[in-house]
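# Chain and residue survey
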Amino acid sequence: MPADVPGIHHVTAIASDPSENLDFYTRTLGLRLVKRSVNQDDVSVYHLFYADYEGTPGTSMTFFPYEGAQAGRVGTGQVSTTAFLIPSDSVEYWRDRLADAGVETDDPRERFGDTVVPFRDPDGLPLELVARDDAPAGHPPEGPVPEEHAIRGFFGVTLSLDSAEPTADLLRTMGLRETESDRTRRRFEANGELGYAVDILEDPQAPRGQPGAGTVHHVAFQVTDEDQSAWRDVLMDHGLRPTEIIDRKWFESVYARTKGGVLFEFATKSPGYTVDEDLDELGERLVLPEWLEGQRDEIEAGLPDLSTDRPTE
């Protein structure tokens, strides 16, 4: 068996307006744009990566912003909520910050002993801030959010499913342990310090999710280079149909749609976002993998303007 998965590598969602998306995740949430590229399967669309200062796996929220995209519907067969980790004493800071930015939030709630602040991004993507005493110091970017209150990375994701057990079985195979449950929610935890929580909500009566702006495209989990091929074998053993190993330049990936309908990716930690840009210059220009460089002029001409000025308060 390959080594247990330590947690989430990244989460990729669909947005509409790329400038609005950039502004929200850098200026409002204080994340760093660490990679400005294109969707390698549709080069007419940006692929924008937001993370901590170093682009650490477990901190990277990425988007395909399709201009004018129709809104999707969050429902079963999807990642229905993405949760970020913040320090336990930062709840009021974030409630005030989001209110000042005109972001509608729900009242804080308690879940399995943690304080959770639900809110949505400009496309209606469901997000949460989870406050915990054990939030790591991490490598927050310089910018509009003070370091002591900065988002540390992912806490985890919630999967909405009409039938939980096939996905729960896969999570157990990945090394996650079921640690908490209540009437509607089961929590599985990996052993990493970021992106370690995967919650399952089972509701066979809920509407099926529809892709579009404001929905998650896929969730990626961290694996080692050495284990990538073995994880592909594990997925086949579970009756899934994984892709071949795909070179994404900054990591290698295997994708498989789970029996619950959620698209999982197994992504390597290396080589990372600094393979083609210096650390201090991440996100400042459009970068393309070498197999797309011959199309640069055509690609750039088809993309909307996007200012990447670093955000300040």
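Residues numbered from 1 in each chain as written. Predicted model: local features only at pLDDT ≥ 70, side-chain atom pairs only at ≥ 80, totals over all residues. Heavy atoms only, no water.

Each aromatic ring pair is summarised here by two numbers: the centre-to-centre distance and the angle between the ring planes. The final tally for this structure, using the stated rule, is 12 aromatic pairs. Pairing Phe24 with Tyr25 gives two aromatic rings, centres 5.0 Å apart and planes at 80°, and the pair type is edge-to-face. Put simply, the rings of Phe24, Tyr25, Tyr50 and Phe63 pair up and form one aromatic cluster. When the ring centre of Tyr53 is taken as origin, the NZ or CZ atom of Arg32, which lies over that ring, is 4.3 Å away. (Phe/Tyr/Trp six-rings, centres within 6.5 Å; stacked < 30°, edge-to-face > 60°. Lys NZ or Arg CZ within 6 Å of the ring centre and 35° of its normal.)

Quick look at the sheet that holds strand E9 (residues 153-161) now. Here we have 8 strands laid out as an open sheet, ordered E6-E7-E8-E5-E9-E12-E11-E10, and mixed in their pairing. Both edges of this open sheet fall to strand E6 (109-111) and strand E10 (177-181), since each of them pairs with a single strand only. For this sheet, the mean angle separating the axes of adjacent strands, direction not counted, is 30°. Where strand E5 (residues 78-87) lies against strand E8 (residues 126-132), 6 bridges are found, and the strand directions are parallel. When the bridges of E8 are listed, Thr82 appears paired with Leu127. (Pairing = 2+ DSSP bridges. Helix = DSSP H or I, 4+ residues; strand = E, 2+ residues; numbered from the N terminus. Axes fitted to C-alpha atoms, helices over the stretch in contact; angles between N-to-C directions.)

The next subject is the pairing of E9. Most of E9 is tucked away: 9 of the 9 residues are buried. Across 7 bridges, E5 lies against E9 in antiparallel orientation. By the bridge assignment for E9, Ala83 is matched with Gly156. (Buried < 20%, exposed > 50% of the residue type's maximum accessible area, 1.4 Å probe, protein only.)

The peptide bond linking Ser270 to Pro271 adopts the cis configuration, its omega dihedral lying at 10°. Along the polypeptide, Pro271 turns up in the loop between strand E16 (263-268) and helix H5 (296-302). The backbone phi angle of Phe112 is positive, close to 50°, even though this residue is not glycine. Structurally, Phe112 is set in the loop between E6 and strand E7 (114-120).

A few words on a negative patch on the surface. A cluster of acidic residues, Asp89, Asp133, Glu142, Glu147 and Glu148, forms a negative patch at the surface. For Glu142, the location among the structural elements is in the loop between E8 and E9. Residue classification places Glu142 among the exposed residues on the basis of a relative accessible area of 79%. (Patch = residues over 30% accessible without salt bridge, like charges linked within 9 Å, V, L, I, M, F, W, Y side chains within 5 Å. Areas by Shrake-Rupley, 256 points an atom, 1.4 Å probe, with all protein chains shown as cover. Salt bridge = Lys/Arg side-chain N within 4 Å of Asp/Glu carboxyl O. Lys, Arg positive; Asp, Glu negative; His and termini not counted. Charge placed at Lys NZ, Arg CZ, Asp CG, Glu CD.)

Moving on: the pattern of salt bridges. If the charged atoms of two oppositely charged side chains come close together, the side chains can form a pair. Taken as a whole and judged by the stated rule, the model has 21 salt bridges. Between Arg208 and Asp162 there is a salt bridge, and its shortest N-O distance comes to 3.6 Å. You can see Arg208 sitting in the loop between strand E12 (197-202) and strand E13 (215-223) and its partner Asp162 sitting in the loop between E9 and helix H3 (165-173), a full 46 residues away along the chain. In this structure Asp162 comes out as partly exposed when scored by relative accessible area, which is 34%. In this structure, the salt-bridge partner of Glu244 is Arg232, at a minimum N-O distance of 3.0 Å. Here Arg232 lies in helix H4 (residues 228-237) and Glu244 lies in the loop between H4 and strand E14 (246-247), a separation of 12 residues in the sequence. Salt bridges sharing partners connect three or more residues here, namely Asp114, Arg132, Asp134, Arg185, Arg187 and Asp199.

Looking only at H4, the buried set comprises Gln228, Trp231, Arg232, Val234 and Leu235. Viewed along the axis of H4, the buried residues span an arc of 160°, placing them on a single side of the element. Check the buried side of H4 and you find it contacts H3, E13, strand E15 (252-257) and E16. At the exit of H4 stands Gly239, carrying a positive phi of roughly 80°. (Arc of directions from axis to C-beta. Contact = heavy atoms within 4.5 Å.)

With respect to the secondary-structure elements, Ser60 resides in strand E4 (residues 60-65). Through-space distance from the C-alpha of Ser60 to that of Tyr50 is 5.4 Å; in sequence the pair is 10 residues apart. At 3.0 Å, the side chain of Ser60 and the side chain of Tyr273 are in polar contact. (Polar contact = N/O pair within 3.5 Å; in protein donor to acceptor, adjacent residues only side chain to side chain.)

Within a sheet, neighbouring strands are paired by backbone hydrogen bonds and run either parallel or antiparallel to one another. With mixed pairing, 8 strands are arranged side by side in an open sheet as E2-E3-E4-E1-E13-E16-E15-E14. The sheet is open, and its two edges are formed by strand E2 (32-39) and E14, each paired on a single side. Pairing between E2 and strand E3 (residues 42-51): 7 bridges, direction antiparallel. Its bridge partner lying in E3, Ser37 is registered against His47. H4 contacts E13, E15 and E16 of the sheet and is inclined by roughly 5° relative to E15.

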